[in-house]
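# Residue-level structural notes
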Amino acid sequence: AVEALRQSESRFRQLFEQSVDAIICFKPGNSSIIDANKTAERLYGFTGEELRSRGVGCFCKSEDGDRFTDIIRNIRDQEVSHLGNMVHLRKDGTEIIVSVYGKIINIRGVDVTYCSFRDITERVRMEEESQIIQAKLIQANKMTSLGLLVAGVAHEINNPNNSIMANSQLLDRAWQDALKILREYYRENGDFQLGGMPFSTFGENSQHLFAGIT
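None of these values were measured; they are calculated from a predicted model.

The rules behind the values
- Here the residue index of a chain counts from 1 through its sequence in written order.
- Given that this is a predicted model, residues contribute local features only at a pLDDT of at least 70 and side-chain atom pairs are listed and counted only at 80 or more, while totals for whole chains, interfaces and linings are drawn from all residues.
- Note that the side-chain values use all heavy atoms of the structure and ignore hydrogens as well as water.
- Just to be clear on terms, a salt bridge is a Lys or Arg side-chain nitrogen sitting within 4 Å of an Asp or Glu carboxyl oxygen.
- For helices the rule is a DSSP run of H or I covering at least 4 residues; for strands it is a run of E covering at least 2, with both sets numbered from the N terminus onward.
- Only protein chains enter the accessibility calculation, which uses a 1.4 Å probe. A residue is then buried if its area is under 20% of the maximum for its type, exposed if over 50%, and partly exposed in between.
- To estimate the expected span of a helix, count its residues, drop one, and scale the result by 1.5 Å.
- Residues count as neighbours in contact if any of their non-hydrogen atoms are within 4.5 Å of one another.
- A pair of strands is considered paired only if DSSP assigns at least 2 bridges between the two.
- Buried and open spaces are told apart on a 1 Å grid over the protein atoms alone, a cavity being a set of points where a 1.4 Å probe fits but cannot get out and a pocket being an open set with protein on both sides within 12 Å along at least five of seven lines. Residues with an atom within 4 Å of a point are the lining residues.
- Grid points are joined across faces, edges and corners, and a volume is the space filled by probe spheres set on the points.
- Pairing of aromatic side chains requires ring centres within 6.5 Å, counting the rings of Phe and Tyr and the six-membered ring of Trp. Pairs whose planes differ by under 30 degrees are stacked, by over 60 edge-to-face, and all others tilted.
- All axes are obtained by fitting lines to C-alpha atoms, using only the stretch in contact for helices, and the reported angles, taken between N-to-C directions, cover 0 to 180 degrees.
- Under this scheme an angle from 65 to 115 degrees is roughly perpendicular, one under 35 degrees roughly parallel, and one over 145 degrees roughly antiparallel; angles in between are oblique.
- In this scheme, a crossing is called left-handed if the near helix is turned counterclockwise away from the far one by less than a right angle; it is called right-handed if the turn is clockwise.
- Residues are sorted three ways: Asp, Glu, Lys and Arg are charged, Ala, Val, Leu, Ile, Met, Phe, Trp, Tyr, Cys and Pro are nonpolar, and all the rest, Gly among them, are polar.

## Focus: the pattern of salt bridges
Enumeration according to the criterion identifies twelve salt bridges in this entry. Here Lys61 ties to Glu95 by a salt bridge, and the two come within 2.6 Å at their closest N and O atoms. Here Glu95 lies in strand E4 (residues 95-107) and Lys61 lies in the loop between helix H3 (48-54) and helix H4 (65-73), a separation of 34 residues in the sequence. For Lys61, a relative accessible area of 21% corresponds to the partly exposed category. Salt bridges sharing partners connect three or more residues here, namely Asp35, Glu49 and Arg52.

## Some details on helix H6 (residues 199-213)
The end-to-end C-alpha distance of H6, which contains 15 residues, comes to 20 Å, matching closely the 21 Å that a straight helix rising 1.5 Å per residue would cover. Burial in H6 covers these residues: Phe199, Phe202, Gly203, Ser206 and Phe210. Buried residues in H6 make contact with helix H5 (121-189), strand E6 (193-194) and strand E7 (197-198).

## A few points about the pairing of strand E1 (residues 22-26)
Among the five residues in E1, five count as buried, and that is most of the element. The pairing of E1 with strand E5 (residues 110-119) spans five bridges and is classified as antiparallel. Bridge assignment links Cys25 to a residue of E5, and that residue is Tyr114. Sheet topology places E1 next to strand E2 (residues 33-36); three bridges connect them, and they run antiparallel. Its bridge partner being in E2, Cys25 is matched across the sheet by Asp35. Linkage of E1 to E2, two consecutive antiparallel strands, is achieved through a turn of six residues, within which Gly29 is found at a positive phi near 90 degrees.

## Some details on empty space enclosed by the protein
Going through the model one piece at a time under the given rule, you end up with one cavity of 30 Å³ or more. Here the largest cavity is characterised by a volume of approximately 40 Å³. Considering the residues around the largest cavity, the lining is formed by Cys60, Asp64, Arg67, Phe68, Met86, Val87 and His88. Going through the elements one at a time, H4 and strand E3 (81-89) are the ones with two or more residues in the lining of the largest cavity. Residue contributions to the lining of the largest cavity peak at three residues, all from E3.

## Structural notes on the packing of aromatic side chains
Under the defined criterion, the tally for this structure stands at eleven aromatic pairs. Ring centres 5.5 Å apart and planes at 90 degrees place the aromatic pair Trp175 and Phe202 in the edge-to-face group. Separated by 27 residues along the polypeptide, Trp175 in helix H5 and Phe202 in helix H6 bring together distant segments of the chain. Pair check on accessibility: Trp175 and Phe202 agree, each one buried.

## Here we look at the side chain of Asn37
Examined against the element boundaries, Asn37 turns out to sit in the loop between E2 and helix H2 (38-44). Excluding residues within four positions of it along the chain, Asn37 makes contact with Phe16, Glu17, Ser19, Asp21, Ala22 and Ile23.

## A look at the sheet that holds E5
Pairing in this open sheet of five strands is antiparallel, and the strands run E2-E1-E5-E4-E3 from one edge to the other. Either end of the sheet is taken by a strand with one partner, and the two such strands are E2 and E3. With direction set aside, neighbouring strand axes in the sheet form an average angle of 30 degrees. As paired elements, E3 and E4 share eight bridges and run antiparallel to each other.

## Quick look at the packing of H5 against H6
The geometry of H5 relative to H6 is characterised by a closest axis approach of 10 Å and an angle of 165 degrees between their N-to-C directions. The angle between H5 and H6 falls in the class roughly antiparallel. The hand of the H5/H6 crossing is left-handed. Here Ile164, Ser168, Leu171, Asp172, Trp175, Gln176, Leu179, Leu182, Arg183 and Tyr186 of H5 lie close against H6, whose contacting residues are Phe199, Ser200, Phe202, Ser206, Gln207, Phe210 and Ile213. Its residues assigned to classes, the contact of H5 with H6 shows ten nonpolar, five polar and two charged.

Right, here's the structure in full:
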């Protein structure tokens, strides 16, 4: 039985030290650190002794320490609980985002709060960049759609404008030719009605009318 227990503890220690996730064990009911594996030391930049002596203050911001301690204290059952994604600090002051899972395990008759910490900083950064790129693509699509709409509106406006411009210039030239004949008629026969107006008035203002249309 003693040998079996020793082998079990040895296997646990190997898994504990070789885990790709940082693992920190806390005293149940509080946030005192009992042990931390090498991955945790590399993740946070502190030695195991520094982690044990300084506690969660090593990697928690001052304003987050109490909240993190409360989360650790509230781990009660044997089920693995996702404690959320948290912003922690490395020894050099850089921020990292870690995904934290915790459960209560029993080692040699003693309950221990077992927590794993996975660095997801790069994944979160890539997701944020992806969202930014997606937002830019959506904005680009909006601008493309707006450009097509504006081009369509401009086309619908330009067509009648071009027709009015061309026809008004043609009618102006034709009117100038007809005006010579009408003035000759006016000199020989006196004033007459043209478009409901006296020719003497209409003839003087006709140039302004065509120019206004153009």
